[in-house]
Amino acid sequence: MLVLGSRSTRTMLKEITRLVSMVQKAKHGEQHEGQHYRVPLQDVKTVFPHGLPPRFVKQVKTFGEACLMVRKPALELLHYLKNTNFAHPAVRYLLYGEKGTGKTLSLCHVIHFCAKQDWLIVHIPDAHLWVKNCPDLLQSTYNRQRFDQPLEASTWLKNFKTTNERFLSQIKVQEKYLWNKRESIEKGSPLGEVVEQGIARVKNATDAVGIVLKELRRQSSLGLFHLLVAVDGVNALWGRTTLRKEEKSPVAPEELALIHNLRKMMKNDWHGGAIVSTLSQTGSLFKPRNAYLPQELLGKEGFDALDPFVPILVSNYNPKEFESCIQYYLENSWLQHEKAHTEAGKKELLFLSSANPGQLERLCAYL
Amino acid sequence: MAARAAKVARGWSASVLGVRPAACWLPGLTQVRWSRYGPEYRDPRVEKEHYRKPAAELTEEERYDRELRKTQLIKAAPATTTGSVFEDPVISKFTNMMMKGGNKVLARSLMTQTLEAVKRKQFEKYQAASAEEQATIERNPYVIFHQALKNCEPVIGLVPILRGGHFYQVPVPLAERRRRFLAMKWMITECREKKQRRTLMPEKLSHELLEAFRNQGPVIRRKQEMHKMAEANRALAHYRWW
């Protein structure tokens with residue numbers, strides 16, 4: 001373990017709780033459970049332009065560093081991913097758990113690992129954002145029955161470009177696509193052009209997303225690259241939407257082109273990669289607050305579509321992880337209240353948060 | 001507590017309302033702020049350490065006190081007192097003053113967001129500062145809160161006194177609790193009234209607290225104006241008879 005030079009008395013604590021590993025991402029093992037590792041800020045900008053939860057982004061800004069805790073669910077997933085057989089169809093992993101237990105951050109850990117291993121990452125930060133609060137729905141030119149979402153699609157394309165710059169010039173499109181009477185994409189041109197077209201022409205952005213997903217699915221089976229599909233809030237794909245057509249009738253998720261293409265992505269008929277997803281009640285529509293199991297949140301349709309999958313439960317902190325989290329906050333002097341340093345204070349924090357990572361973070365924010 | 005509760009008002013006579021007369025009873029006067037507890041009720045003690053002491057460690061007085069309390073009547077503890085180590089009476093009082101319509105949940109969440117905002121702002125400054133300045137920057141939101149309110153407390157206040165048909169503003173020394181109340185009241189009024197459209201309360205309040213901590217800002221100016229008016233009216237000081 002690296003000893004951080006001149007930080008006097010707190011170096012000992014840092015050795016216990018921190019594992020500063022910039023390169024040895026592949027070497028996270030059982031013995032590192034409960035310890036934090038630092039993600040370089042440059043990686044945060046490229047790999048996570050849109051993936052991190054908002055409170056975590058604030059924490060990164062305040063501390064000046066991004067530290068993720070190594071936990072069992074993430075370690076399990078990493079183990080599975082290291083041993084994937086790329087000739088078999090893509091395996092679907094589903095992270096589920098109560099609110100605030102760390103599903104999204106475990107997903108981010110996995111994404112960072114795969115980015116370091118040079119996989120191509122298709123990361124949808126929150127599928128719920130695509131099924132609600134969308135003021136501009138255009139009727140799709142490709143298929144009359146479906147609807148386009150230009151804004152969401154173009155923002156996603158921009159972030160996709162930031163994450164996967166180097167692949168965009170290598171992957172070639174294998175079919176000719178017509179945007180309109182005058183513009184088209186020839187066979188053999190790089191995928192970067194499709195993305196540029198989607199960003200520049202917002203009207204064609206949804207179709208560009210569809211093309212990108214189709215091409216990636218087709219070509220990952222050829223073995224040029226490994227594809228990781230990471231979707232947060234996958235229960236949005238099979239739930240209900242709050243969007244309405246002009247006649248005030250509700251829009252079903254299948255009628256949205258983005259959701260339709262994403263559903264095709266989640267089917268395991270392609271190989272050469274893996275699909276990791278998270279359930280989320282926080283952004284979900286028309287679901288009770290205490291629902292967290294896959295059956296409850298996905299519904300019959302979603303469960304059948306995702307079946308078979310590997311479910312991974314993300315639970316609250318165990319005592320070692322809790323202690324490690326508190327130590328991390330104390331090192332960064334985040335817990336400023338005098339009583340928070342005492343044993344009584346720590347016991348009280350444990351009681352108030354019941355070892356839930358999200359609640360603990362919110363409590364420590366004002367102490 | 002009992003002495004303060006006997007603030008009287010003219011109007012309904014005591015016997016009509018069936019009020020039990022407490023410390024002072026004057027004919028024709030009713031108490032405004034009073035409690036249903038009689039004078040024999042004692043205040044409750046909520047500290048955990050007090051009750052966890054094993055019997056061997058108690059002194060004679062404490063033993064006597066404990067025995068006495070077994071027979072005495074004790075008031076019920078208010079719902080807001082906790083045995084929490086993080087409890088702060090000043091913060092609780094401020095939260096109660098910010099509360100509107102009994103919505104304590106909202107008031108408390110605003111308070112916690114304010115403390116968080118203060119902390120984050122100070123951390124940003126700390127990161128951008130050099131090593132010598134870092135020693136001077138205070139990052140504890142509670143210390144900043146207490147210091148800011150202490151800086152806002154006026155030393156002397158003005159009271160309208162009726163003499164010869166006119167009300168004169170007479171400078172008067174203020175009690176400790178009146179000063180604390182005025183500081184908190186001015187802070188809350190300032191944040192409610194004088195803010196830009198669509199700024200949220202935590203944002204504005206954290207900004208005002210940080211300014212008051214540095215002895216700048218509108219609340220400090222209001223305190224200084226109060227002091228100046230008291231200084232200007234010091235000729236009227238002999239109108240005070242207490």
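Each chain carries its own residue numbering, running from 1 in the direction its sequence is written. As they are written, the chains are lettered A onward and the ligands numbered 1 onward, keeping that order. Two thresholds apply to this predicted model, a pLDDT of at least 70 for residue-level local features and 80 or more for giving and counting side-chain atom pairs, whereas whole-chain, interface and lining totals are computed over all residues. With hydrogens and water set aside, each side-chain value is computed from the structure's full complement of heavy atoms.

## Remarks on the overall build of chain A
Reasoning step 1: Helix and strand definitions follow DSSP, with helices as H or I runs of at least four residues and strands as E runs of at least two, each counted in order from the N terminus. Scanning chain A for helices and strands turns up 14 helices and 11 strands.
Reasoning step 2: Against the compact-globule benchmark of 21 Å for 367 residues, chain A has a radius of gyration of 22 Å, which places it among compact chains.
Reasoning step 3: Overall size of chain A, expressed as C-alpha extent along the three principal axes, is 70 × 45 × 35 Å.
Reasoning step 4: Here chain A holds 367 residues, and the buried ones make up 56% of them.
Reasoning step 5: In chain A, of all internal contacts separated by at least 6 residues, the share reaching a separation of at least 24 is 72%.
Reasoning step 6: The method behind every accessible area is Shrake-Rupley, applied with a 1.4 Å probe, and residues are considered shielded solely by the protein chains displayed. As displayed, chain A has an accessible area near 17000 Å², and 54% of this comes from carbon and sulfur atoms. Only C-alpha atoms enter the radius of gyration; for comparison, a globular chain is expected to reach 2.2 Å times N to the power 0.38, where N is the number of residues. Only protein chains enter the accessibility calculation, which uses a 1.4 Å probe; a residue is then buried when its area is under 20% of its type maximum, exposed when over 50%, and partly exposed in between. In what follows, residue pairs with any heavy atoms lying within 4.5 Å of each other are defined as contacts.

## Describing the pairing of strand β4 (residues 120-124) of chain A
All names here are of chain A.
Reasoning step 1: Most of β4 is tucked away, with 5 of its 5 residues classed as buried.
Reasoning step 2: Residues Leu120, Val122 and Ile124 point to one face of β4 and Ile121 and His123 to the other, with burial holding for every one of them.
Reasoning step 3: For β4 and strand β9 (residues 227-232), the ladder comprises 5 bridges, and the chain directions are parallel. Along β9, the bridge assignment pairs Leu120 with Leu227. For two strands to be treated as a pair, DSSP must find at least two bridges joining them.

## Remarks on the packing of aromatic side chains
Reasoning step 1: Only rings of Phe, Tyr and Trp enter the pairing, Trp through its six-membered ring, and a pair is recorded when the two centres are within 6.5 Å. The plane angle decides the type: under 30 degrees is stacked, over 60 is edge-to-face, the rest tilted. Counting across every chain of the model gives 13 aromatic pairs over all chains.
Reasoning step 2: Arranged with centres 5.0 Å apart and planes meeting at 85 degrees, the rings of B:Trp241 and B:Trp242 form a pair that is edge-to-face.
Reasoning step 3: You can call B:Trp241 exposed: its relative accessible area is 67%.
Reasoning step 4: One aromatic cluster is present, formed by A:Phe63, A:Tyr328, A:Tyr329, A:Trp334 and B:Phe123 through successive ring pairs.
Reasoning step 5: Put simply, a charge is over a ring when the Lys NZ or the Arg CZ is close to the ring centre, within 6 Å, and near the line of the ring normal, within 35 degrees. For B:Arg139, the ring lying beneath its charged end belongs to B:Phe123, and the centroid distance is 4.6 Å.

## Some thoughts on the sheet that holds strand β10 (residues 273-278) of chain A
All names here are of chain A.
Reasoning step 1: As summarised here, the arrangement of the 5 strands in space is β4-β9-β10-β3-β11, forming an open sheet in which the pairing is parallel. Across the chains shown, the open sheet's two edge strands, defined by having one partner strand only, are β4 and β11 (310-313). For this sheet the average axis-to-axis angle between neighbouring strands, irrespective of direction, equals 15 degrees.
Reasoning step 2: In this sheet, β10 lies alongside β9 in parallel orientation, the contact comprising 6 bridges. Bridge pairing in β10 places Ala230 opposite Val276.
Reasoning step 3: Contacts from helix α4 (residues 72-82) reach β3 (91-96), β10 and β11 within the one sheet, and its direction differs from that of β11 by about 155 degrees. Between the N-to-C directions of two axes lies an angle of 0 to 180 degrees, each axis being a line fitted to C-alpha atoms and, for a helix, fitted only over the stretch in contact.

## A short note on helix α3 (residues 54-63) of chain A
Residues and elements named next belong to chain A.
Reasoning step 1: The complete set of buried residues in α3 reads Arg55, Phe56, Gln59, Val60, Thr62 and Phe63. Projected down its long axis, α3 shows its buried positions confined to an angular sector of 165 degrees, all on one face. Of the residues in α3, the exposed ones pointing more than 90 degrees away from the buried face are Pro54 and Lys61.
Reasoning step 2: Following α3 by one or two positions, Gly64 adopts a phi angle in the positive range, close to 80 degrees. Relevant arc is that of directions from the helix axis to the C-beta atoms, nothing else.

## Here's the deal with the pattern of salt bridges
Reasoning step 1: What counts as a salt bridge is simple: a side-chain nitrogen of Lys or Arg found within 4 Å of a carboxyl oxygen of Asp or Glu. One pass over the structure, following the stated rule, counts 26 salt bridges over all chains.
Reasoning step 2: Residue A:Lys176 is joined to A:Glu186 by a salt bridge in which the shortest nitrogen-to-oxygen separation is 3.6 Å. Taken as a pair, A:Lys176 in the loop between α7 (165-170) and β7 (177-178) and A:Glu186 in the loop between β8 (184-185) and α8 (191-200) lie far apart in primary sequence, 10 residues in all.
Reasoning step 3: A residue is classified by how much of its surface remains accessible, and A:Lys176, at 47% relative accessible area, is partly exposed.
Reasoning step 4: The salt bridge involving B:Glu47 is made with B:Arg45; its shortest N-O contact spans 2.8 Å.
Reasoning step 5: Through salt bridges that share partners, A:Arg55, A:Glu361, B:Glu116 and B:Arg120 make up one connected network.

## Some details on the packing of helix α13 (residues 343-353) of chain A against helix α14 (residues 357-365) of chain A
Residue and element names in this part refer to chain A.
Reasoning step 1: Close contact between α13 and α14 brings their axes to 9 Å; oriented N to C, the two are set at 130 degrees. Judged by the angle between their axes, α13 and α14 are oblique. With respect to the hand of their crossing, α13 and α14 are arranged in right-handed fashion. In this structure, α13 contributes Leu349, Leu352 and Ser353 to the contact, and α14 contributes Gln359, Leu360, Leu363 and Cys364.
Reasoning step 2: Of the residues that constitute the contact of α13 with α14, the class distribution is 5 nonpolar, 2 polar and no charged. In this scheme, roughly parallel covers angles under 35 degrees and roughly antiparallel covers those over 145, while 65 to 115 is roughly perpendicular and the rest are oblique. For a crossing to be left-handed, the near helix must be turned anticlockwise from the far one by less than a right angle; the clockwise case is right-handed. Side-chain classes are defined by residue name, with Ala, Val, Leu, Ile, Met, Phe, Trp, Tyr, Cys and Pro counting as nonpolar, Asp, Glu, Lys and Arg as charged, and the others, Gly among them, as polar.

## What about the state of the cysteines?
Reasoning step 1: The definition used for a disulfide is geometric: two cysteine sulfur atoms within 2.5 Å. Per the stated rule, a full pass over the model turns up 0 disulfides over all chains.
Reasoning step 2: Unpaired in this structure, A:Cys67 has its nearest cysteine sulfur neighbour in A:Cys325, at a distance of 11 Å.

## So, the packing of α8(A) against helix α9 (residues 205-220) of chain A
Think of two packed helices as two axes; the pair is described by the angle between the axes and how far apart they sit.
Residue and element names in this part refer to chain A.
Reasoning step 1: The geometry of α8 relative to α9 is characterised by a closest axis approach of 8 Å and an angle of 160 degrees between their N-to-C directions. When the axes of α8 and α9 are compared, the pair comes out roughly antiparallel. The handedness of the crossing between α8 and α9 comes out as left-handed. Here Leu191, Val194, Val195 and Gly198 of α8 lie close against α9, whose contacting residues are Ala205, Ala208, Ile211, Val212, Glu215 and Leu216.
Reasoning step 2: Within the contact of α8 with α9, the residues separate by chemical class into 8 nonpolar, 1 polar and 1 charged.

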